[in-house]
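# Notes for the structure review
One-letter residues, chain by chain:
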Amino acid sequence: MKILFLGHDDRYEILIDTLKTEHEIFTIGYEDMIDVKKGDLNNINNYNIVVLPMSGIKNNRANNVVVPSNIFNNYNGLIYTGRKDNLVGHVESFLDDDEIREENSLITVDGIMHKIRNIDKTSICILGYGNIGKKLYDRLKNDYLVIVGVEDKDKGIIDNSFVTSNKEDLKKVLVNSKLIINTVPKHIIDEDILKEINGLFLDIASTPYAIDQTKILDYPFEYQLYSSIPSKYAPERAGKVLLKKFKGDEL
């Protein structure tokens, strides 16, 4: 089996080291790994499997590698990635696997808890009550004052919450929070509110994030974008989780 790892992702290094004992591994974008073969995009059908970064392809880039447009239009093999957006062909997402998605979420929350370990947490606002938001709330609620911003459909799920579409409540909570953790990949906060925030704003959402990245310097608070957390916080642990996908599939 010929497998191409296209675009560097720290989580994949343990996959490469493990899979190369049984398969022919090629890489593009892994210049620091000298004991694997270098791949070639001139004939993508040379490879049975192409593994893209968890973030997929954005603006014709697989992380540190430029990828020609429509390269996979006539590809006959299997593509593994995290985000399947804008990809054609037989695409498998690691995160479609319930066990992998759950363990990946746990690593993400562990990474966030590590990130905020020395940050003032006397008053916390979590924006969003999805998978990560719920886990964060459960980890923090017993030790800190935590208020969660939810959508209308989630109203009443937890007592200490408010609906983010209520701009008056949103402003009141954000202005009085020492730490804001955003999990919502959408600009849900009006600019006039952003200009009154004083706490640390930790944005863990995916693109387009909570705030227009071209306007961050317009606001007085400290803003930190913390994305791809498993890769940054615990790449080896995250890689071992992803390896379960290959063990579960027949290669």
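Residues numbered from 1 in each chain as written. Predicted model: local features only at pLDDT ≥ 70, side-chain atom pairs only at ≥ 80, totals over all residues. Heavy atoms only, no water.

### A word on the overall build of the chain
Each helix and strand in the chain was counted, giving seven helices and 14 strands. With the principal axes as the frame, the chain shows a C-alpha extent of 60 × 35 × 35 Å. Expressed as a percentage of the 251 residues in the chain, the buried residues total 49%. For the chain, the share of sequence-separated contacts (at least 6 apart) that also reach a separation of at least 24 residues comes to 51%. For the chain, the exposed area adds up to about 12,800 Å²; of that, 44% sits on carbon and sulfur atoms. (Helix = DSSP H or I, 4+ residues; strand = E, 2+ residues; numbered from the N terminus. Buried < 20%, exposed > 50% of the residue type's maximum accessible area, 1.4 Å probe, protein only. Contact = heavy atoms within 4.5 Å. Areas by Shrake-Rupley, 256 points an atom, 1.4 Å probe, with all protein chains shown as cover.)

### Notes on unusual backbone geometry
Omega for the peptide link from Thr207 to Pro208 comes to 10°, which places this bond in the cis form. Inspection of the secondary structure assignment puts Pro208 in the loop between β13 (200-203) and β14 (222-225). Here the phi dihedral of Asn63 falls at roughly 55°; this positive angle occurs in a residue that is not glycine. Tracing the backbone shows Asn63 in the loop between β5 (61-62) and β6 (65-66). For Asn70, which is not a glycine, the phi torsion comes out positive at approximately 60°. For Asn70, the location among the structural elements is in the loop between β6 and β7 (78-81).

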